[in-house]
Amino acid sequence: MNKVRSDIRNIAIIAHVDHGKTTLVDAMLKQSGIFRVNEKVQERVLDSNELEREKGITIMSKNTAISYNGVRINIVDTPGHADFGGEVERILKMVDGVLLLVDAYEGPMPQTRFVLRKALGMNLKPIVVINKIDRKEARPNEVIDEIFDLFIELEASDEQLDFPVVYASGREGVAYYNLGDDSKDLRPLFETILNYIPAPQGDADAPFQLLISSIDYDDYVGRIAIGKIERGTISEGDRVVVCRKDGRIEPVKISSIQVFRGLKRLNVEKAEVGEIVCITGCEDITIGDTVCDAEHPEPLPFVDIEEPTISMQF
Ligand code: GDP
């Protein structure tokens, strides 16, 4: 039976470097009450990112989950650079919509164009966030015109062109539906995400299927495979199969399942269609493999693209 997960939204943020993504996500975390001031969050993220680079597995995407009014908003990070090639498609496969975050003074930059083009091509719904609206030089109306032109150039659909706009200052932790509105917090942004981004859905009773979009590594649990559940349900201890890109099918036992909470991962016993999960127990699983119900080894199609060059600066 088809299940709409109205308790979940899966989004990605597309932003040019310095347009305020980190500051905005921090403000969202703080307002959702998850962020603890003393936590050395940044350090932890950097550490594991360096580890990723050393191991040459992939460029890690920093995932976050924020709770708002009983809805879990999973935010997956996108590398903002064309050279990351396939990484972008993999990441975008997990989401149902994107926030295009643009500096209210600088306007859209060429580097965000590549990721935006992919997102529009994948039929994802965009929300435009005009950020740093507190800047004295802000020129929001012109910037919106520039974004509109960019959408036309990238051949956005009529529906995508009808994007909602939210004005924000991540630094001040406020968002507005309209210029000149009064606002004390980011509620207009949270509300727009809930109202405009479709909830993920799929068959919760069908045989389990999970496409691996990202790999992380942890000293204690080893390789962590990350992806969105396409259909079905998974529980800790389940015996499943991994369908490899090369056609091999390997039986494995799921040793743990985790979901994102704030910047951490939280163990859960069970997860269902629409959720972005991390699973452990599959030691040499790779990006593009599909984890399936043991009786239904049905791999999902995957565009195989070269791994990114690890020496890149970003
Ligand atoms: P990121 O590279 O997109 O993650 O950007 P950061 O969040 O690191 O922010 C880049 C710079 O912009 C920093 O110097 C921030 O202090 C500044 N910044 C971020 N958000 C705002 C904002 O809402 N208003 C203003 N005026 N500056 C901001």
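Numbers given to residues run from 1 along each chain, matching the order in which its sequence is written. Totals for whole chains, interfaces and linings use every residue, but because this is a predicted model, local features are given only for residues with pLDDT of at least 70 and side-chain atom pairs only at 80 or more, for both listing and counting. As a rule here, side-chain values come from all non-hydrogen atoms in the structure, and water together with hydrogens is ignored.

The protein goes by Large ribosomal subunit assembly factor BipA in an unreviewed UniProt entry, where it is assigned to Thermoclostridium stercorarium. What the UniProt record of the protein gives under Subunit (unreviewed entry) is the line "Monomer." UniProt positions are given in the numbering used here, feature names are shortened, and annotations may be inferred rather than shown by experiment. Taken directly from UniProt, the Subcellular location (unreviewed entry) text for the protein runs: "Cytoplasm".

## Observations regarding the pattern of salt bridges
A side chain with one charge may pair with a side chain of the opposite charge, provided their charged atoms come close. Salt bridge criterion: a side-chain nitrogen from Lys or Arg within 4 Å of a carboxyl oxygen from Asp or Glu. Under the counting rule described, the total for this entry stands at 23 salt bridges. Measuring nitrogen to oxygen at the nearest pair gives 2.5 Å for the salt bridge that ties Glu298 to Arg231. Within this pair, whereas Glu298 is found in the segment after strand S19 (290–293), its partner Arg231 is found in strand S11 (residues 222–231), the two being separated by 67 residues in sequence. Summary of the burial criterion: residues with accessible area below 20% of their type's maximum are buried, those above 50% are exposed, and those between are partly exposed, where the area comes from a 1.4 Å probe applied to protein chains only. Its relative accessible area of 33% is what places Glu298 among the partly exposed residues. For Arg231, a relative accessible area of 18% puts it in the buried group. One salt-bridge network, in which partners are shared between bridges, spans Lys3, Arg5, Asp7, Arg72, Glu272 and Glu275. The helix count covers DSSP runs of H or I at least four residues long, the strand count covers runs of E at least two residues long, and both are numbered beginning at the N terminus.

## Examining the nonpolar core
Within this scheme, the nonpolar core is defined by two criteria: the residues are buried Ala, Val, Leu, Ile, Met, Phe, Trp, Tyr or Cys, and they are joined through side-chain atoms within 4.5 Å. Counting residues in each nonpolar core, the largest one holds 40 residues, and the members touching the most others are Leu92, Leu100, Leu116, Val128, Ile130, Ile147 and Phe151. We call two residues in contact when some of their heavy atoms are within 4.5 Å. For Leu116, the contacting residues outside a window of four places in its chain are Ile14, Leu100, Leu150, Phe151 and Leu154. Of all hydrophobic cores here, the second largest spans 28 residues; its members include Val71, Ile73, Phe190 and Ile197.

## Digging into the side chain of Thr192
Mapped onto the elements of the fold, Thr192 is located in helix H7 (residues 187–196). Identification of polar contacts relies on pairs of N or O atoms within 3.5 Å, with a donor-acceptor requirement for protein atoms, meaning one able to donate a hydrogen and the other able to accept it, and with residues adjacent in sequence counted only if both atoms are side-chain atoms. Polar contacts involving the side chain of Thr192 include one to the main-chain carbonyl oxygen of Pro188, which spans 2.6 Å. Contact partners of Thr192, with chain neighbours within four places excluded, come to Ile127, Pro164, Val166, Tyr177 and Ile197.

## Remarks on the sheet that holds strand S16 (residues 264–268)
Two strands are said to pair when DSSP picks up at least two bridges between them. Taken together, the eight strands give an open sheet; going across it, the order is S14-S13-S19-S10-S11-S18-S15-S16, and neighbouring strands pair in antiparallel fashion. Looking at strand neighbours, the two that pair on one side only are strand S14 (249–253) and S16, the edges of this open sheet. On average, each strand axis in the sheet is inclined to that of its neighbour by 40°, with strand direction left out of account. Bridging between S11 and strand S18 (residues 276–280) involves four bridges; their strand directions are antiparallel. The residue bridging Lys228 from the neighbouring strand is Ile276, located in S18. Between N-to-C directions, angles cover 0 to 180 degrees, with each direction set by a line fitted to C-alpha atoms, over the stretch in contact for helices.

## Examining the site of the ligand
Here a residue is considered near a molecule or strand provided that any single heavy atom belonging to it is located within 4 Å of it. What surrounds the ligand is a group of 15 residues, the closest being Asp18, Lys21, Thr22, Thr23 and Asp134. Measuring from an oxygen atom of the ligand, one finds a backbone N or O atom of Gly20 at 2.9 Å. Protein chains shield 74% of the accessible area of the ligand, which is 580 Å² for the free molecule. Looking at the shell around the ligand, the element that brings in the most residues is helix H1 (residues 21–31), giving three residues. By residue class, the composition of the shell around the ligand is one nonpolar, eight polar and six charged. Areas reported as accessible are Shrake-Rupley estimates using a 1.4 Å probe. Residue values count occlusion only from the protein chains shown. Each residue is assigned to one of three groups, with Ala, Val, Leu, Ile, Met, Phe, Trp, Tyr, Cys and Pro labelled nonpolar, Asp, Glu, Lys and Arg labelled charged, and all others, Gly among them, labelled polar.

## Here's the deal with unusual backbone geometry
Even without glycine at this site, Asp18 takes up a positive phi of about 80°. For Asp18, the position within the fold is in the loop between strand S2 (8–15) and H1. Even without being a glycine, Lys132 presents a positive backbone phi close to 60°. Positionally, Lys132 belongs in the loop between strand S6 (125–131) and helix H5 (140–153).

## Focus: the pairing of strand S5 (residues 97–103)
The side chains of a regular strand alternate between the sheet's two faces. Among the seven residues that make up S5, seven are buried, leaving the element largely enclosed by the rest of the structure. Strand direction decides the pairing type here: S5 and S6, joined by seven bridges, are parallel. Looking at S6, one finds that Gly97 is bridged to Lys125. By convention, orient the strands away from the viewer: a clockwise path from the first strand over the helix to the second makes the crossover right-handed. Once the chain exits S5 it traverses helix H4 (residues 110–121) before rejoining the sheet at S6, and the crossover so formed is right-handed.

## Notes on the packing of aromatic side chains
Stacked, tilted and edge-to-face are the three classes assigned to paired rings of Phe, Tyr and Trp, where Trp is represented by its six-membered ring and a pair needs centres within 6.5 Å; plane angles under 30 degrees give stacked, over 60 edge-to-face, the rest tilted. Under the definition given, this model contains three aromatic pairs. Seen in terms of ring centroids, Tyr68 and Phe190 are 4.6 Å apart; in terms of plane orientation they differ by 10°. Their pairing is stacked. In this pair, Tyr68 is assigned in strand S3 (residues 64–68) and Phe190 in helix H7, connecting sequence segments 122 residues apart. Each member of the pair, Tyr68 together with Phe190, is buried. Ring centres 6.3 Å apart and planes at 55° place the aromatic pair Phe148 and Phe163 in the tilted group. Placement of Phe148 in helix H5 and of Phe163 in the loop between helix H6 (158–161) and strand S7 (165–169) is noted, with a sequence separation of 15 residues between them. These aromatic residues form a ring-pair network of at least three members: Phe148, Phe151 and Phe163. A cation over a ring is seen here: Lys125 above Tyr196, with NZ or CZ 4.3 Å from the ring centre. Two limits define a charge over a ring: the Lys NZ or Arg CZ must be within 6 Å of the ring centre, and within 35 degrees of the ring normal.

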